[in-house]
Amino acid sequence: QVQLVESGGGLVQAGGSLRLACAASGRASRYDAMAWFRQAPGKEREFVAGISWSGNRTYYAGSVKGRFTISRDDAKKMVYLQMNSLKPEDTAVYYCAATPGYYSGSVYEFEYDSWGQGTQVTVSS
């Protein structure tokens, strides 16, 4: 497994921006596809964005496409989620996840074998 630690969450007004970061260690994370999920109060955890191990393929949930950007820096073993034009409905705990092997942007939690502890993002109206 990969050890993942998220950071960068916080409180922001609607229309604002935040950048989440995920630090990876352990297994050769260079070859892991990475993703961000989120879980709002009273709701199931949902896929937000994913990026292939090479970084040349990215995937987004429809609700964030055009506003969020996922990226990775393998030299630093970091994955980022740039979130712009934030909305109150983006309020959730955001989780970083990793999965080895071929990746096609899976939205299913069970296909990821490593998870971080989560970071809270709160967007006020």
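Below or above, wherever it landed, is the structure these notes cover.

## Quick look at the state of the cysteines
Going through the model one piece at a time under the given rule, you end up with one disulfide. With a sulfur-sulfur separation of 2.1 Å, Cys22 is cross-linked through a disulfide to Cys96. Looking along the S-S bond of the Cys22-Cys96 disulfide, the torsion reads about -85 degrees, which is the left-handed sense. Pair noted here: Cys22 is in strand E3 (residues 18–26) and Cys96 is in strand E9 (residues 92–100), with a separation of 74 residues, a long-range link. Both residues of the pair, Cys22 and Cys96, belong to the buried class.

## Quick word on the sheet that holds strand E7 (residues 68–73)
Strand order in the open sheet formed by four strands is E1-E3-E8-E7, with antiparallel pairing between adjacent strands. Edge positions in the sheet fall to strand E1 (2–7) and E7, since each of these pairs with one other strand and no more. Along the sheet, successive strands turn relative to each other by an average axial angle of 20 degrees, direction set aside. Taken together, the six bridges between E3 and strand E8 (residues 78–83) define a ladder with antiparallel strand orientation. The partner of Leu20 across the bridge, within E8, is Leu81.

## Focus on unusual backbone geometry
Within the chain, Lys77 stands out as a residue other than glycine whose phi angle is a positive 55 degrees. Secondary-structure assignment places Lys77 in the loop between E7 and E8. Judged by relative accessible area, Lys77 falls into the partly exposed class, the value being 41%. Positive phi values are uncommon outside glycine, yet Ser85 reaches one of about 50 degrees. By the element assignment, Ser85 lies in the loop between E8 and E9.

## Examining the side chain of Arg38
In this fold, Arg38 is placed in strand E4 (residues 32–39). A polar side-chain atom of Arg38 sits 3.5 Å from a polar atom in the side chain of Ser63. A polar contact of 2.9 Å, which involves the side chain of Arg38, links it to the side chain of Asp90. Beyond its immediate sequence surroundings of up to four residues, Arg38 is in contact with Glu44, Arg45, Glu46, Val48, Ser63, Val64, Phe68, Glu89, Asp90, Ala92, Val93 and Tyr94.

## As for a nonpolar patch on the surface
A cluster of nonpolar side chains, namely Val107, Tyr108 and Phe110, defines an oily patch on the protein surface of about 370 Å² accessible area. Take Tyr108: it is sitting in the loop between E9 and strand E10 (114–115).

Rules used throughout
Residues numbered from 1 in each chain as written. Predicted model: local features only at pLDDT ≥ 70, side-chain atom pairs only at ≥ 80, totals over all residues. Heavy atoms only, no water. Disulfide = S-S within 2.5 Å. Helix = DSSP H or I, 4+ residues; strand = E, 2+ residues; numbered from the N terminus. Buried < 20%, exposed > 50% of the residue type's maximum accessible area, 1.4 Å probe, protein only. Pairing = 2+ DSSP bridges. Axes fitted to C-alpha atoms, helices over the stretch in contact; angles between N-to-C directions. Polar contact = N/O pair within 3.5 Å; in protein donor to acceptor, adjacent residues only side chain to side chain. Contact = heavy atoms within 4.5 Å. Patch = residues over 30% accessible without salt bridge, like charges linked within 9 Å, V, L, I, M, F, W, Y side chains within 5 Å. Areas by Shrake-Rupley, 256 points an atom, 1.4 Å probe, with all protein chains shown as cover. Salt bridge = Lys/Arg side-chain N within 4 Å of Asp/Glu carboxyl O.

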